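Now for the letters of each chain:
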Amino acid sequence: MNINTKLQLVTIVPLLLALSAVLFVTQIQYQSLSKQTVDEYRQSVIKHRKKELHNYVKLAEGATEHIYRDENLDKQAAQTLVKETLSNMRFGKDGYFYAYDFEGTALVLPGQEWRLGKNWLELEDRNGVKLIQGLIEGAKAGGGYLNYVFNQPSKGGEVAKKIGYARALDDWQWMIGTGVYIDDIDQEIAHLNASISKHIRSTFIMTLIIGVVAVIAIFFSGQFIRFSEKKLANRKLRELNERIFQTQEEECKRVSRELHDGISQTIAAARFSLETAQLKQQNNDDSSKELDRSMQLICQIMGDIRSISHQLHPGILEDFGLGAALEELGRDFTQRTGISVKVERLSIRNVLSTEVKTALYRIAQESLTNIERHADASEILLTLKLKPGWLVLKIRDNGHGFDYQQYDCAENNKTAVYHGIGLRNMKERLNFYQGELQVQSEKTGTTICARIPQAQLRYNASTAGES
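Residues numbered from 1 in each chain as written. Predicted model: local features only at pLDDT ≥ 70, side-chain atom pairs only at ≥ 80, totals over all residues. Heavy atoms only, no water.

**Q** What am I meant to see in the packing of aromatic side chains here?
**A** Note on aromatic pairs: each is described by the distance of the centres and the angle between the planes. All chains considered together, the criterion is met by ten aromatic pairs. Ring centres of Tyr 145 and Tyr 165 lie 4.6 Å apart, and the angle between their planes is 35 degrees; this geometry places the pair in the tilted category. Of this pair, Tyr 145 sits in strand S4 (residues 144-151) while Tyr 165 sits in strand S5 (residues 159-169), placing them 20 residues apart in sequence. The partly exposed category is assigned to Tyr 145, whose relative accessible area is 35%. (Phe/Tyr/Trp six-rings, centres within 6.5 Å; stacked < 30°, edge-to-face > 60°. Helix = DSSP H or I, 4+ residues; strand = E, 2+ residues; numbered from the N terminus. Buried < 20%, exposed > 50% of the residue type's maximum accessible area, 1.4 Å probe, protein only.)

**Q** I tried to follow the nonpolar core on my own but got confused; where do I start?
**A** Nonpolar side chains in soluble globular proteins generally cluster together in the buried interior. Counting residues in each nonpolar core, the largest one holds 41 residues, and the members touching the most others are Leu 322, Leu 326, Leu 360, Ile 380, Leu 393 and Leu 437. Among residues more than four places away in sequence, those in contact with Leu 360 are Leu 322, Leu 352, Leu 391, Leu 393, Ala 450 and Ile 452. Core analysis: the second largest hydrophobic core is formed by 29 residues, Leu 86, Met 89, Val 108 and Ile 176 among them. (Core = buried A, V, L, I, M, F, W, Y, C linked by side-chain atoms within 4.5 Å. Contact = heavy atoms within 4.5 Å.)

**Q** Looking at this model, I keep getting lost on the pattern of salt bridges. Mind explaining?
**A** Where charged atoms of side chains with opposite charge meet at close range, the side chains can pair. All chains considered together, the criterion is met by eleven salt bridges. A salt bridge links Arg 49 to Asp 184, with the shortest nitrogen-to-oxygen separation between them at 2.7 Å. One end of the pair, Arg 49, is in helix H1 (residues 3-68); the other, Asp 184, is in helix H4 (residues 183-282), with 135 residues separating them in the sequence. On the basis of relative accessible area, Arg 49 is assigned to the buried category, the value being 14%. Measuring nitrogen to oxygen at the nearest pair gives 2.9 Å for the salt bridge that ties Glu 372 to Arg 336. You can see Glu 372 sitting in helix H8 (residues 354-375) and its partner Arg 336 sitting in helix H7 (residues 322-337), a full 36 residues away along the chain. Of the residues examined, Glu 372 reaches a relative accessible area of 37% and is grouped as partly exposed. (Salt bridge = Lys/Arg side-chain N within 4 Å of Asp/Glu carboxyl O.)

**Q** Looking at this structure, I do not really get a nonpolar patch on the surface. What am I missing?
**A** Residues Leu 208, Val 212, Ile 216, Phe 219 and Phe 220 make up a contiguous nonpolar surface patch of roughly 420 Å² in combined accessible area. Looking at the element boundaries, Ile 216 is found in helix H4. Residue Ile 216 is classed as partly exposed on the basis of its relative accessible area of 42%. (Patch = residues over 30% accessible without salt bridge, like charges linked within 9 Å, V, L, I, M, F, W, Y side chains within 5 Å. Areas by Shrake-Rupley, 256 points an atom, 1.4 Å probe, with all protein chains shown as cover.)

**Q** Even after reading the chapter, I still don't get the side chain of Thr 266, so can you show me in this structure?
**A** Its place among the elements puts Thr 266 in helix H4. You can call Thr 266 buried: its relative accessible area is 7%. Non-local contacts of Thr 266, meaning those with residues more than four positions away in its chain, are made with Leu 297, Gln 300, Ile 301 and Asp 304.

**Q** Sorry if this is basic, but what is going on with the sheet that holds strand S10 (residues 436-442) here?
**A** Remark on secondary structure: sheet strands pair via backbone hydrogen bonds, oriented parallel or antiparallel. Read across the sheet, five strands follow the order S7-S8-S9-S11-S10 without closing on themselves; strand pairing throughout is mixed. In the strand order of this sheet, the two ends are held by strand S7 (340-344) and S10, each with one partner. In this sheet, neighbouring strand axes are inclined to one another by 10 degrees on average, regardless of whether the strands run parallel or antiparallel. Note that strand S8 (residues 379-387) and strand S9 (residues 390-397) share eight bridges and pair antiparallel. (Pairing = 2+ DSSP bridges. Axes fitted to C-alpha atoms, helices over the stretch in contact; angles between N-to-C directions.)

**Q** Help me understand helix H3 (residues 131-140) in this model?
**A** Every α-helix carries 3.6 residues per turn, so stepping three or four residues along brings you back to the same face. In terms of burial, H3 is largely enclosed, as seven of its ten residues are buried. On its buried face, H3 is in contact with strand S2 (95-101), S4, S5 and strand S6 (174-181). At the exit of H3 stands Gly 142, carrying a positive phi of roughly 105 degrees.

**Q** Looking at this structure, how should I read the pairing of strand S11 (residues 445-453)?
**A** Counting buried positions along S11 gives nine out of nine residues, so the element sits mostly inside the fold. The alternating pattern of S11 places Gly 445, Thr 447, Cys 449, Arg 451 and Pro 453 on one face and Thr 446, Ile 448, Ala 450 and Ile 452 on the opposite face, and all of these are buried. Sheet topology note: the S9/S11 ladder contains eight bridges and is antiparallel. From the neighbouring strand, Leu 391 faces S11, where its bridge partner is Ile 452. Two elements, S10 and S11, share seven bridges in a ladder whose sense is antiparallel. Paired with Ser 441 across the bridge in S11 is Thr 446. Hairpin connection, S10 to S11: the antiparallel pair is bridged by two residues.

**Q** Help me out: how do you make sense of the packing of H8 against helix H10 (residues 422-431) in this one?
**A** Closest axis-to-axis distance for the H8/H10 pair is 10 Å, and the angle between their directions is 165 degrees. With respect to H10, the element H8 is oriented roughly antiparallel. Two packed elements cross with a definite hand, and for H8 against H10 that hand is left-handed. Across from Ala 359, Arg 362, Ile 363, Glu 366, Ser 367 and Asn 370 in H8, the residues of H10 making contact are Gly 422, Met 426, Arg 429 and Leu 430. Residues belonging to the contact of H8 with H10 are distributed by class as follows: four nonpolar, three polar and three charged. (Parallel < 35°, antiparallel > 145°, perpendicular 65-115°, else oblique. Left-handed = near helix turned anticlockwise from the far one by under 90°. Nonpolar A, V, L, I, M, F, W, Y, C, P; charged D, E, K, R; others polar.)

**Q** What is the right way to look at H8 in this model?
**A** The terminal C-alpha atoms of H8, which comprises 22 residues, lie 30 Å apart, in line with the 32 Å expected from a rise of 1.5 Å per residue. Trailing H8 by a residue or two, Asp 376 shows a phi angle of about 55 degrees, which is positive. (Expected span 1.5 Å × (residues − 1).)

**Q** What is the right way to look at the environment of Arg 126 in this model?
**A** As for its position among the elements, Arg 126 is in the loop between strand S3 (106-108) and H3. Its relative accessible area of 60% is what places Arg 126 among the exposed residues. The spatial distance from the C-alpha of Arg 126 to the C-alpha of Val 149 is 7.0 Å, given a sequence separation of 23 residues. Beyond its immediate chain neighbours, meaning those up to four positions away, Arg 126 contacts Val 149 and Val 159.

Structure follows, in structure tokens:
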């Protein structure tokens, strides 16, 4: 599994887990909310039905109170009139009034006259509720409700759930009341549950679709970004390879010129001196002058080879550290060009890795080369300092400077002819170590500042002391 696939998984897997968690939590919350809604709706409807029952019984009491309180009628005649009045009072499809005495004998029960005159005190519904006892007890307490199962006239006598309410006529030892069937509430609750469940399913499906679309979009976006980054990385790699090859070619040309124009000519001169000395020895002439000349040329050859070797990779960088290597670089530069180089450095031999030391040395070397070629400077200040969080290499000259802003824009936009690779090489060396390159150029001189973060050093830069 390559790194790109791992990155895709790292991006998509958490999103899938988050989507699953959202769907799971949403379903739980929806189920809880729907149950709460249904319960509240049921309680509200039942509360409303109970209030209706209370009002119906109050209405029945009002319709019979003048008979119940009439002292001119005897008790039996008054009871007969009350029974007739209650039997004729109806509401709705299954709404009627009933009456029982406190002993449990049925007195009024429209549509079920076969129950009249019989004692139903021990009557139980299918759930074991003694409904007549419960209604009488509620009536004696000043009015009470009871849930039970009883015959429903509109369904041909089939039993159904019912809520009853009863009040007492204490003087006659009667209980009168009425009830409403609540199976319709269960049907409404079932329809409400079905509607809520349908809404939950549609919301779940919609959320799932959105999540899947988001995952697919992220996947293809990642693929597109991955392809674009890969294309950009390949282009930059090609450019880097071209610059590396160009640098190598330039270095090879420089070494070739050094060998051809310097060492090769000196070796040829040494050879001619040795051949002249050989001829003089064959003729028994004095050849010491030619031999001395040959020795001088050989010493010069050794110096040139040492100089080229030092430029390719200075041994002092490994043996004595970056500071000493910079000092030697400045001395050699001054001897070769006549430009004064002042070096202010730290003793940081143990702070830097070999790679960081080499990168900073090459940056200093490239800067001095650019100053020699283009700046027309007479003085150079080279400083190496440790600042909080950074190691800073700064090279400043007093040359005529150049328009760095125009050069930087041309380099970024690829709109101008490429003038050189020195600054770009410096930037790329620093980018490898998360460093920065800052260039300030004016008519009075140019300052190049190379910064490498503390994290790239071998130990905390705040503990390193200046020499």
